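A closer look at the structure
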Amino acid sequence: MIFYYSGTGNTQKLAKIISERIHDQTIDIEKAISDEKYEYELGDTESLGFAIPVYFGSVPAIVRDFIAKLKVKTGEHYYGYLVMTDGGMSFKTSDQITLMLIKSGLTLNAIFELVAYDSSAIAWKNETIDWDKLKHAVETQSAFIAEQIADRTTGSFYKKQLLAGLGTASMH
């Protein structure tokens, strides 16, 4: 089970890549809230994932609100993971969501950061960034994350240097 929120489509795409690799269902947090569905149940060894964007160095309000109401009955051996998509600055987002999940009785075995297309990029001049190289790097990193989740890898995986060498941008 992979809960995701995606304002621009980046995180939704990543959630679908993971779901295809591990043969799991995705649950759109916006739809779950609209349907007032906050209670779920996992089998003993199933996975529980959260894929979220980082907004201004924090967890989006909609995700905070959802997790505050979320009730998941888990098996003893479930695998919990978090995947954050951001433009290279996740700050303490993983700490924030980890604490929220603990309050809901949930734990994480792994945390991943996907440095993706910065949604604020429309304010930047695009001609100095190698967008093809960036797209390839995001696809490669998405496949790596999906494989780590399939293998139930534990730990924290941050990719702060993904954008290094892809070019620079200047503000309008």
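Let's shift gears to the packing of helix 1 (residues 10-22) against helix 5 (residues 131-150). Each packed pair of helices is defined by two parameters, the angle between the axes and the distance between the axes. Following both chains from N to C, one finds helix 1 and helix 5 inclined at 45 degrees, their axes separated by 9 Å at the closest point. When the interaxial angle is binned, helix 1 and helix 5 end up oblique. The handedness of the crossing between helix 1 and helix 5 comes out as right-handed. In this structure, helix 1 contributes Lys-13, Leu-14, Ile-17, Ile-18, Arg-21 and Ile-22 to the contact, and helix 5 contributes Glu-139, Ser-142, Ile-145, Ala-146, Glu-147, Ile-149 and Ala-150. Classifying every residue of the contact of helix 1 with helix 5 by side-chain character gives 8 nonpolar, 1 polar and 4 charged.

Let's shift gears to the packing of aromatic side chains. Across all of its chains, the model carries 8 aromatic pairs by this definition. Measuring from ring centre to ring centre gives 4.9 Å for Phe-3 and Tyr-40, while their planes differ by 75 degrees; the resulting arrangement is edge-to-face. Here Phe-3 is found in strand 1 (residues 2-4), whereas its partner Tyr-40 is found in strand 3 (residues 39-41), with 37 residues between them in sequence. Ring centres of Phe-144 and Phe-157 lie 6.4 Å apart, and the angle between their planes is 70 degrees; this geometry places the pair in the edge-to-face category. On the criterion of sequence distance, the pair formed by Phe-144 in helix 5 and Phe-157 in strand 8 (residues 155-157) is long-range, its members being 13 residues apart. Taken together, the aromatic side chains of Phe-3, Tyr-38, Tyr-40, Phe-50 and Phe-66 make up a single cluster linked through ring pairs. The ring of Tyr-40 has Lys-37 lying over it, and the distance from NZ or CZ to the ring centre is 4.3 Å.

On to the nonpolar core. Core analysis: the largest hydrophobic core is formed by 27 residues, its most contacted members being Phe-3, Tyr-40, Leu-48, Phe-50 and Phe-66. When residues of this core are traced back to their parent elements, those giving at least two are helix 2 (29-34), strand 4 (47-53), helix 3 (61-69), strand 6 (79-86) and helix 4 (93-103). If we skip the residues at most four places from it in the chain, Tyr-40 touches Met-1, Phe-3, Ile-27, Ala-32, Phe-66, Leu-70, Lys-71, Val-72 and Lys-73. In this structure, Ile-18, Ala-110, Phe-112 and Leu-134 belong to the second largest nonpolar core, which totals 19 residues.

Attention now moves to the packing of helix 3 against helix 4. Axis separation between helix 3 and helix 4 bottoms out at 8 Å; the angle between their running directions is 20 degrees. When the interaxial angle is binned, helix 3 and helix 4 end up roughly parallel. In the crossing of helix 3 with helix 4, the sense of the turn from one axis to the other is right-handed. Judged by residue contacts, Val-63, Arg-64 and Ile-67 of helix 3 engage Ile-97, Met-100 and Leu-101 from helix 4. For the contact of helix 3 with helix 4, a count of residues per class yields 5 nonpolar, no polar and 1 charged.

With that settled, the discussion passes to the sheet that holds strand 1. Adjacent strands of a sheet form backbone hydrogen bonds with each other and so pair up, either parallel or antiparallel. One open sheet holds the 6 strands; their spatial order is 2-1-4-6-7-8, and the pairing between them is parallel. Looking at strand neighbours, the two that pair on one side only are strand 2 (26-28) and strand 8, the edges of this open sheet. Taken pair by pair, the neighbouring strands of this sheet meet at an average axis angle of 15 degrees, ignoring direction. The pairing of strand 7 (residues 110-115) with strand 8 spans 3 bridges and is parallel. Residue pairing for strand 8: Ile-111 is matched across the bridge by Ser-156.

Quick notes on the rules
Residue positions are given per chain, counting from 1 as you read along its sequence in written order. This being a predicted model, a pLDDT of at least 70 is required before a residue's local features are given, and a value of 80 or more before pairs of side-chain atoms are given or counted; all residues contribute to the totals for chains, interfaces and linings. Excluding hydrogens and water, the side-chain figures rest on all heavy atoms present in the structure. For helices, the fitted line uses only the C-alpha atoms of the stretch in contact; every axis is such a line through C-alpha atoms, and the angle between N-to-C directions lies from 0 to 180 degrees. The helix count covers DSSP runs of H or I at least four residues long, the strand count covers runs of E at least two residues long, and both are numbered beginning at the N terminus. To sort the angles, those under 35 degrees are grouped as roughly parallel, those over 145 as roughly antiparallel, those from 65 to 115 as roughly perpendicular, and the leftovers as oblique. Whether a crossing is left-handed or right-handed is set by the direction in which the near helix is turned from the far one by less than a right angle, anticlockwise for left-handed and clockwise for right-handed. Contacts between residues were defined by any pair of non-hydrogen atoms, one from each residue, lying within 4.5 Å. The residue classification treats Ala, Val, Leu, Ile, Met, Phe, Trp, Tyr, Cys and Pro as nonpolar and Asp, Glu, Lys and Arg as charged. All others, Gly included, are polar. Only rings of Phe, Tyr and Trp enter the pairing, Trp through its six-membered ring, and a pair is recorded when the two centres are within 6.5 Å. The plane angle decides the type: under 30 degrees is stacked, over 60 is edge-to-face, the rest tilted. By definition here, charges over rings are those cases where NZ of Lys or CZ of Arg is within 6 Å of the ring centre and within 35 degrees of the ring normal. Think of a nonpolar core as a cluster: buried Ala, Val, Leu, Ile, Met, Phe, Trp, Tyr and Cys residues, connected wherever their side-chain atoms sit within 4.5 Å. Accessibility here uses a 1.4 Å probe with only protein chains present; expressed as a share of the type maximum, an area under 20% marks a residue as buried, one over 50% as exposed, and anything in between as partly exposed. When DSSP finds two or more bridges between a pair of strands, those strands are recorded as paired.

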